[in-house]
Amino acid sequence: RIIVKGKTKPIQIYELLAKAGQLDPVMAQVVALYGQGLALHLERRWEEAIAAFDEALKLRPDDGPSLALKARVQRYQETPPGPEWLGEYVRATKD
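Note that this is a predicted model, so its numbers are computed, not measured. (Residues numbered from 1 in each chain as written. Predicted model: local features only at pLDDT ≥ 70, side-chain atom pairs only at ≥ 80, totals over all residues. Heavy atoms only, no water.)

Caption draft 1: Geometry of the side chain of aspartate 63. For aspartate 63, the location among the structural elements is in the loop between α2 (46–59) and α3 (64–78). What makes aspartate 63 buried here is its relative accessible area of 2%. Ignoring any residue separated from it by four or fewer positions in sequence, one finds aspartate 63 in contact with Met27, Val30 and Leu57. (Helix = DSSP H or I, 4+ residues; strand = E, 2+ residues; numbered from the N terminus. Buried < 20%, exposed > 50% of the residue type's maximum accessible area, 1.4 Å probe, protein only. Contact = heavy atoms within 4.5 Å.)

Structure (C-alpha cells):
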C-alpha cells in the first residue's frame with residue numbers, strides 16, 4: 001500500500017504478471033518469496049524480510065518489486081517507522 005504525492009489515504013497497487021494459468025513456475029516462486037518478504041516487512045522483521053527478497057532476487061535479479069521493497073526495508077532498518085505505521089509507504093515525488 002502506498003500513499004501517493006498529494007493524497008492522504010493509502011491505495012493498494014498490483015503488478016500484472018501473466019494471463020490466468022500461464023505464470024512461469026520460476027516467477028511463481030519469486031512471487032511467493034516476495035509475499036513472504038512483504039509479510040515479514042509488515043511485522044518489522046527486517047533481516048528476515050531482506051533474506052526473502054534476496055532469495056527472490058537470486059531467481060530473478062531484475063525483479064523490480066523485490067528490489068524496491070528490499071531497499072525500503074534497508075532504510076527502515078536505519079530509521080524505523082513510528083508506532084502508528086501500518087505498512088503504508090508515503091511517496092514524496094511523482095515518478
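Caption draft 2: Region of the structure containing the nonpolar core. One finds Leu40, Trp46, Ala49, Ile50, Phe53, Leu69, Val73, Tyr76 and Trp85 forming the largest nonpolar core, which totals nine residues. Breaking this core down by element, the ones donating at least two residues are α2 and α3. With four residues, the single largest contributor to this core is α2. In contact with leucine 40, not counting residues within four places along its chain, are Arg45, Glu48 and Ala49. (Core = buried A, V, L, I, M, F, W, Y, C linked by side-chain atoms within 4.5 Å.)

Caption draft 3: Just the packing of aromatic side chains, in detail. A full pass over the atoms with the stated rule returns two aromatic pairs. Plain terms: the ring middles of tyrosine 34 and phenylalanine 53 are 5.7 Å apart, the flat faces sit at 50 degrees to each other, and that makes the pair tilted. Here tyrosine 34, found in helix α1 (residues 25–42), pairs with phenylalanine 53, found in helix α2; they are 19 residues apart in sequence, far enough to count as distant. For tyrosine 34, a relative accessible area of 24% corresponds to the partly exposed category. The exposure class assigned to phenylalanine 53 is buried, which follows from its relative accessible area of 0%. (Phe/Tyr/Trp six-rings, centres within 6.5 Å; stacked < 30°, edge-to-face > 60°.)

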